[in-house]
Every structure is written in C-alpha cells, then in structure tokens.
Amino acid sequence: MADTIAETVDLLYTIDQENLTPDQLIALGAALASLAQAERLDQINERLRGIHQVLNTWALKATAVDGR
C-alpha cells in the first residue's frame, strides 16, 4: 500500500497548480489530505501487526509452558 500512496503523491505533486481552477485546487488539497491520512493509517496498521506478532509469540510460549 505504501508504494501506491507514494506513487499517487508523486503524481499529485507533478500537477501544474498554476493552471487549476479554484475548485480543482480544493480537490487537489483534499486528495493530498486523504493520502496523508491513508499513509498514517498504513503506519498504524504496521505497528498493530508488530504488536500482534509479539502477543502471538507470547501466547504460543505460554501454551508451550502450560502444556508441559
């Protein structure tokens, strides 16, 4: 997902803003804000995956110890 976000941001930054109407500028700003939010959500998702892995490892170890 990060590659898609980065590629889209790169594309949006190549737009010549000088030739945009006010409505198009607003839409561009909204698109950039949405992409920033998506990037942040992707970062949060990555952290949650890491936390899940740690908790899963602990659960497996606890099961192994209880199973002895």
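Keep in mind the model is a prediction, meaning the values are calculated, not measured.

(A) Spotlight on the overall build of the chain. Within the chain one finds two helices and zero strands. Relative to a compact globule of 68 residues, whose C-alpha radius of gyration would be 11 Å, the chain shows 21 Å and is clearly more extended. In terms of overall dimensions, the chain has C-alpha extents of about 70 × 15 × 10 Å along its principal axes. The burial tally for the chain puts 9% of its 68 residues in the buried class. For the chain, the exposed surface amounts to about 5800 Å²; the carbon and sulfur share of it is 58%.

(B) Expanded view of the nonpolar core. Judged by nonpolar contacts, I5, L12, L28, L35 and A38 together constitute the single largest core of five residues. For this core, the elements supplying multiple residues, two or more each, are α1 (2–13) and α2 (22–66). For this core, the element with the most residues is α2, which contributes three residues.

(C) Local environment of the environment of A36. Looking at the secondary structure, you find A36 in helix α2. For the pair A36 and Q17, spaced 19 residues apart in the sequence, the C-alpha separation amounts to 19 Å.

Cut-offs applied
- Residues numbered from 1 in each chain as written.
- Predicted model: local features only at pLDDT ≥ 70, side-chain atom pairs only at ≥ 80, totals over all residues.
- Heavy atoms only, no water.
- Helix = DSSP H or I, 4+ residues; strand = E, 2+ residues; numbered from the N terminus.
- Rg over C-alpha atoms; globule rule 2.2 N^0.38 Å.
- Buried < 20%, exposed > 50% of the residue type's maximum accessible area, 1.4 Å probe, protein only.
- Areas by Shrake-Rupley, 256 points an atom, 1.4 Å probe, with all protein chains shown as cover.
- Core = buried A, V, L, I, M, F, W, Y, C linked by side-chain atoms within 4.5 Å.

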